[in-house]
Amino acid sequence: MNLPDMDTNPIISVEALSKVYGNGHRALTDITLNIHTGEILALLGPNGAGKTTLISTICGIVNPSEGSVKVSGYDIEQDYRITRAMIGLVPQELTLPSFDTVWHTVCFSRGLFGKEPDPAYLEQLLRDLSLWEKKDSAIRTLSGGMKRRVLIAKALSHQPLVLFLDEPTAGVDVELRKGMWNLVTGLKKLGVTIILTTHYIEEAEAIADRVGVIHKSELLVIDDKQALKHKLGKRQMTIELEQPIASVPHSLSGWSLELSGEGRQLVYTYDSHSEHTGISGLLDAVNSTGLLLKDVSTSQSSLEDIFISLVGTE
Amino acid sequence: MINTQAAKTIYKYEMLRAWNTIMQSFVSPIISTVLYFVVFGSAIGSRIETVEGVSYGAFIVPGLVMLALLTQSVANASFGIYFPRFTGTIYEVLSAPISFVEILLGYVGAAATKSFIIGMIILATSGFFVDLNISHPFWMLGFLVLTCISFSLLGFIIGLWADNFEKLQLIPMLVITPLVFLGGSFYTIDMLPPAWQTVSLFNPVVYLVSGFRWSFYEVADVGVGISLLMVLLFTAICLAIIWWIFKTGYRLKQ
């Protein structure tokens with residue numbers, strides 16, 4: 001699916017990327033997207049949609065079947081030494097060397113990316129992640145939340161420009177999730193581009209600048225969070241009545257009203273961007289019928305509503 | 001350009017792992033070899049006359065060193081790469097800005113170094129049991145290093161191929177150990193019946209043990225040039241297989 005994108009100098013450019021695994025499973029179909037420098041992009045999608053395959057391909061862990069990916073203009077296959085040096089990856093699973101200490105594993109990660117040792121930077125990184133006190137602890141002795149932060153420290157140890165977070169808050173408690181959001185927004189302020197996959201729509205709603213929805217290997221939509229709500233979201237006006245009614249009066253049939261709340265609510269769905277929303281006419285018509293109004297309210301679809309409308313309730 | 005910092009990092013990491021498990025990495029193979037000396041060199045060897053003019057205890061030293069080198073090289077290298085695959089931490093190596101050259105230098109270099117250290121310690125230990133005579137020390141070191149590297153490469157392939165711990169042990173147990181025991185570690189192949197002598201020539205370990213023993217006592221089953229050629233050929237084949245694995249992503253990338 002080709003989606004229009006005006007960014008002429010993206011930090012990551014994915015072009016017609018497809019991936020079919022050896023067993024015939026199609027994980028990605030013709031994905032084209034640009035990721036802007038310094039943004040937080042959330043990739044939403046149900047299990048098995050292709051989110052992890054997409055970021056694994058960009059990071060060099062999965063071989064693409066078709067298409068190309070460029071990072072800062074460099075091809076991830078031909079110029080892999082340059083592109084991978086710019087990327088940090090936090091995997092979904094807590095894959096850590098259990099018997100290593102925090103300090104040792106972070107130093108290993110930095111060296112692996114070809115960087116000279118920099119104890120001062122790593123100390124600051126561990127302090128920022130509240131891990132400094134645990135630097136000499138074996139990883140197996142840490143809590144799940146700390147292990148997640150160790151993975152982030154490893155991914156940031158070589159000072160990447162782009163950070164991929166694969167389901168960073170899966171299975172963590174609310175407090176830790178909020179802490180993770182603060183960390184991500186803090187990294188954005190430092191200029192790091194962040195791409196995260198998540199199941200949690202509220203997460204995307206809270207921290208992402210843009211949201212992409214992947215379903216059954218295809219990128220269904222990608223856009224600015226607010227623009228997405230405007231484009232795909234619905235606006236509804238709910239008219240609460242003093243007395244319940246059995247059916248929508250015939251004189252209001254032109255507005256496609258929905259009767260709910262045991263006959264006490266008339267729900268009107270409209271396009272807020274259209275020149276004529278029809279709200280004034282509807283209110284006049286309701287008055288003409290003699291119905292007594294108790295309250296009138298409006299609401300906007302959440303990202304969750306949009307997500308469900310795109311991928312269903314699976 | 002090779003990312004030397006990355007290769008050095010993997011190498012140091014693997015060496016540190018060996019140091020942290022010093023009993024398993026160094027002490028255990030040395031104890032096993034000393035037991036071989038006691039059983040074959042002293043107990044049985046004292047009842048065997050000289051072989052090609054060399055006392056039996058001294059004759060088996062090169063074979064015992066090779067036995068330890070081959071098994072340790074394969075075990076160290078296979079475990080070194082299999083374990084990160086098993087735990088999932090391999091993702092970090094695969095997403096790092098490095099090629100298979102740095103990965104080989106790190107993992108295989110460390111496995112070969114560990115085996116070399118073990119070989120040297122066993123050699124030094126054997127001096128307490130028998131009188132050692134090394135006629136060609138440079139050839140001896142050359143064979144030692146080449147064997148460490150070539151069988152560490154083989155171990156690395158096994159570690160990449162295995163997808164469970166059983167398979168990791170399968171090749172060392174069912175292939176390497178029989179080849180080593182039937183490779184002339186404890187005898188010269190001319191002690192075998194003619195038919196088995198011919199079969200032995202298909203065993204690559206025969207060439208290793210023969211060349212290595214020649215560097216000690218100038219006694220060999222096959223010419224030293226052929227031995228060297230066979231080791232180099234074996235190394236080249238292993239390198240070609242590893243190159244193919246990384247090129248295709250077999251068992252590493254999907």
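First, a word on scope: everything that follows refers to the structure included in this document. (Residues numbered from 1 in each chain as written. Chains lettered and ligands numbered in written order. Predicted model: local features only at pLDDT ≥ 70, side-chain atom pairs only at ≥ 80, totals over all residues. Heavy atoms only, no water.)

1. Side note on the overall build of chain B
Move 1: In terms of helices and strands, chain B carries 10 helices and 0 strands.
Move 2: The order of helices and strands in chain B, counted from the N terminus, is α-α-α-α-α-α-α-α-α-α.
Move 3: Since a compact globule built from 254 residues should have a radius of gyration of about 18 Å, the 19 Å found for chain B is in line with a globular shape.
Move 4: The dimensions of chain B, computed from C-alpha atoms along their principal axes, are 60 × 35 × 35 Å.
Move 5: A total of 254 residues make up chain B; the buried ones form 52% of that total.
Move 6: Within chain B, contacts between residues at least 6 apart in sequence are counted, and of these 81% link residues at least 24 apart.
Move 7: Total accessible area on chain B is roughly 11,300 Å²; 71% of this is exposed by carbon and sulfur atoms.
Move 8: Across chain B, the mean location of the 11 positive side-chain charges is 15 Å away from that of the 11 negative side-chain charges. (Helix = DSSP H or I, 4+ residues; strand = E, 2+ residues; numbered from the N terminus. Rg over C-alpha atoms; globule rule 2.2 N^0.38 Å. Buried < 20%, exposed > 50% of the residue type's maximum accessible area, 1.4 Å probe, protein only. Contact = heavy atoms within 4.5 Å. Areas by Shrake-Rupley, 256 points an atom, 1.4 Å probe, with all protein chains shown as cover. Lys, Arg positive; Asp, Glu negative; His and termini not counted. Charge placed at Lys NZ, Arg CZ, Asp CG, Glu CD.)

2. Structural notes on the sheet that holds strand S4 (residues 66–71) of chain A
All names here are of chain A.
Move 1: Spatially, 4 strands are ordered S2-S1-S4-S5 in an open sheet, and the strand pairing comes out antiparallel. The open sheet has two free edges, formed respectively by strand S2 (26–35) and strand S5 (74–75), since each of these has just one partner strand.
Move 2: Direction of pairing for strand S1 (residues 12–20) relative to S4: antiparallel, over a ladder of 5 bridges. Opposite Val14, over in S4, you have Val69 as the bridge partner.
Move 3: The sheet contacts of helix H1 (residues 51–59) involve S1, S2 and S4, and relative to S2 the element is tilted by about 65°. (Pairing = 2+ DSSP bridges. Axes fitted to C-alpha atoms, helices over the stretch in contact; angles between N-to-C directions.)

3. With respect to the packing of aromatic side chains
Aromatic rings in a pair are described by how distant their centres are and how their planes are angled relative to each other.
Move 1: Scanning the model with the defined rule gives 21 aromatic pairs over all chains in all.
Move 2: Here the aromatic rings of A:Tyr268 and A:Tyr270 are separated by 5.7 Å at their centres, their planes lie at 20°, and the arrangement is stacked. In this pair, the class of A:Tyr268 matches that of A:Tyr270, namely buried.
Move 3: When the ring of B:Phe156 is compared with that of B:Phe246, the centres are 6.3 Å apart and the planes differ by 10°; the resulting orientation is stacked. Pair noted here: B:Phe156 is in helix H6 (residues 137–161) and B:Phe246 is in helix H10 (residues 224–248), with a separation of 90 residues, a long-range link. You'll find B:Phe156 and B:Phe246 in the same group, each marked buried.
Move 4: Joined through ring pairs, the aromatic side chains of B:Phe79, B:Tyr82, B:Phe83, B:Phe86 and B:Phe165 make up one cluster. (Phe/Tyr/Trp six-rings, centres within 6.5 Å; stacked < 30°, edge-to-face > 60°.)

4. Thoughts on the nonpolar core
Across soluble globular proteins, nonpolar side chains show a tendency to be buried alongside one another.
Move 1: Membership of the largest hydrophobic core comes to 145 residues, with the highest contact counts inside it found for A:Ile12, A:Phe164 and B:Phe156.
Move 2: At 15 residues, the largest contribution of residues to this core is made by helix H3 (residues 56–87) of chain B.
Move 3: Sequence-distant contacts of B:Phe156, defined by excluding residues within four places in its chain, comprise B:Ala77, B:Ser78, B:Ile81, B:Ile103, B:Leu104, B:Tyr107, B:Val108, B:Ile242 and B:Phe246.
Move 4: By size, the runner-up hydrophobic cluster in this structure holds 13 residues, among which are A:Ile239, A:Leu241, A:Leu252 and A:Tyr268. (Core = buried A, V, L, I, M, F, W, Y, C linked by side-chain atoms within 4.5 Å.)

5. Some points on H10(B)
Working note: α-helix, 3.6 residues per turn, so residues spaced by three or four point in the same direction.
All names here are of chain B.
Move 1: In this model, H10 (25 residues) spans 36 Å end to end at C-alpha, consistent with the 36 Å of a helix rising 1.5 Å per residue.
Move 2: In this fold, the buried residues of H10 make contact with helix H5 (100–126), H6 and helix H9 (204–217).
Move 3: One or two positions beyond H10, positive phi appears at Gly249, with a value near 80°. (Expected span 1.5 Å × (residues − 1).)

6. Considerations on helix H1 (residues 4–20) of chain B
Move 1: With 17 residues, H1(B) should reach 24 Å at 1.5 Å per residue; the first-to-last C-alpha distance of 24 Å fits that figure.
Move 2: For H1(B), the full list of buried residues reads B:Gln5, B:Ala6, B:Ala7, B:Thr9, B:Ile10, B:Tyr13, B:Glu14, B:Met15 and B:Ala18.
Move 3: Packed against the buried residues of H1(B) are helix H3 (102–112) of chain A together with helix H2 (22–44), H3 and H5 of chain B.

7. Quick look at the interface of chain A and chain B
Move 1: Contact residues are listed per partner, giving 29 residues for chain A and 25 residues for chain B.
Move 2: Interface of chain A and chain B: buried area, both sides summed, is about 2,400 Å²; carbon and sulfur atoms make up 58% of it.
Move 3: Considering only the surface of chain A that becomes buried against chain B, A:Arg81, A:Phe108 and A:Leu112 emerge as the three largest contributors, covering 28% of it.
Move 4: At the surface where chain A touches chain B, the tally comes to 2 salt bridges.
Move 5: Among the salt bridges present, the one from B:Glu102 reaches A:Arg81, with a minimum N-O distance of 2.6 Å. (Buried area = accessible area lost by both parts, 1.4 Å probe. Salt bridge = Lys/Arg side-chain N within 4 Å of Asp/Glu carboxyl O.)

8. Details of the side chain of B:Gln72
Residues and elements named next belong to chain B.
Move 1: Within the secondary structure layout, Gln72 lies in helix H3.
Move 2: Overall, Gln72 belongs to the buried group, its relative accessible area being 15%.
Move 3: Beyond its immediate chain neighbours, meaning those up to four positions away, Gln72 contacts Ser25, Pro29, Ser115 and Ile118.

9. Regarding the sheet that holds strand S11 (residues 235–241) of chain A
Residues and elements named next belong to chain A.
Move 1: Pairing is antiparallel in the open sheet, where 4 strands are placed in the order S12-S13-S11-S14. Both edges of this open sheet fall to strand S12 (258–260) and strand S14 (293–300), since each of them pairs with a single strand only. Adjacent strand axes in the sheet meet at a mean angle of 25°, parallel and antiparallel pairs treated alike.
Move 2: Across 3 bridges, the pairing between S12 and strand S13 (residues 265–270) is antiparallel. Bridge pairing in S13 links Leu259 to Leu266.

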